[in-house]
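What the coordinates show
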Amino acid sequence: MPSSLDAIMGSVEPSLTQEEKVTKMIQTRRLRVVVFQGPPGSGKSTLAKEVHNLLTDEDCTIASADHAFEQEDGTFKFKKHLLQEAHTLCQAAALKGIADDKVVLIDNTNIKVDHVRPYVDMVVPSKIAVVKINPTNDTQARKCAERGIHAPFDYSMRAWKQMETIPRIFTLNLSPQF
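1. Points about the packing of helix 2 (residues 18-29) against helix 3 (residues 44-55)
Helix packing for two helices is described by the angle between their axes and how far apart those axes are. Contact geometry of helix 2 with helix 3 gives a least axis separation of 9 Å together with a crossing angle of 60 degrees. Compared by their axis directions, helix 2 and helix 3 come out oblique. Considering the relative orientation of helix 2 and helix 3, their crossing is right-handed. Within the contact between the two elements, helix 2 uses Q18, E19, E20, V22, T23, I26 and Q27 and helix 3 uses L47, E50, V51, L54 and L55. In the contact of helix 2 with helix 3, the residues fall into 6 nonpolar, 3 polar and 3 charged.

As structure tokens, then:
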């Protein structure tokens, strides 16, 4: 007897990739906003880009505070003093995407409930979901922290330990892919 929903679903349809699971969730639930949550290096940006590629530019946009730190040559340079401004720009991009009738993928760490609240307030609760990419043990968390390019190792480990569950919002729980 299958012991998990994935095992049951696997017997009905072929196994879906993570990006296919998220895309199916968006389409089935008719979502407007998907918030990616997880520590640095967990694969949020990669998954958001893969989902975006499945949905196309016409239907979907990615809003990310990271965009404020991207250099002209494509590298990333974090500047702590610009962090609040980066999040303000991300929220403005999300509102524009909603106004343009697109699905908005929020690609930030979103560790705390307060980090997610501005996006929750943008749409009715049934039109938002969280994709939580959560290492299940210290070894996975360390692998994420080591591959993360946006934050120091210690910050990544703290983020994993401090990650909060977003109440009253549908959440799809995934593990990091290595």
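Having seen the model, we can carry on.
2. Overview of the sheet that holds strand 1 (residues 33-37)
As summarised here, the arrangement of the 5 strands in space is 2-3-1-4-5, forming an open sheet in which the pairing is parallel. Looking at strand neighbours, the two that pair on one side only are strand 2 (60-63) and strand 5 (170-174), the edges of this open sheet. Mean inter-strand twist for the sheet, computed between neighbouring axes without regard to direction, equals 20 degrees. Against the sheet, helix 2 contacts strand 1, strand 3 (103-107), strand 4 (128-133) and strand 5, and its axis sits at roughly 170 degrees relative to strand 5.

3. A few points about the packing of aromatic side chains
All told, the structure shown has 2 aromatic pairs when counted by the stated rule. Seen from their ring centres, F69 and F76 are 5.9 Å apart, and the 65 degrees between their planes marks the pair as edge-to-face. Between F69 and F78, the ring centres sit 5.1 Å apart and the planes meet at 50 degrees, which makes this aromatic pair tilted. You can call F78 partly exposed: its relative accessible area is 39%. Taken together through their ring pairs, the aromatic side chains of F69, F76 and F78 make up a single cluster. In this structure, R29 packs its charged tip against the face of F170, placed 3.9 Å from the ring centre. When the ring centre of F178 is taken as reference, the NZ or CZ atom of K143 above it lies at 5.2 Å.

Calculation notes
Residues numbered from 1 in each chain as written. Predicted model: local features only at pLDDT ≥ 70, side-chain atom pairs only at ≥ 80, totals over all residues. Heavy atoms only, no water. Axes fitted to C-alpha atoms, helices over the stretch in contact; angles between N-to-C directions. Helix = DSSP H or I, 4+ residues; strand = E, 2+ residues; numbered from the N terminus. Parallel < 35°, antiparallel > 145°, perpendicular 65-115°, else oblique. Left-handed = near helix turned anticlockwise from the far one by under 90°. Contact = heavy atoms within 4.5 Å. Nonpolar A, V, L, I, M, F, W, Y, C, P; charged D, E, K, R; others polar. Pairing = 2+ DSSP bridges. Phe/Tyr/Trp six-rings, centres within 6.5 Å; stacked < 30°, edge-to-face > 60°. Buried < 20%, exposed > 50% of the residue type's maximum accessible area, 1.4 Å probe, protein only. Lys NZ or Arg CZ within 6 Å of the ring centre and 35° of its normal.

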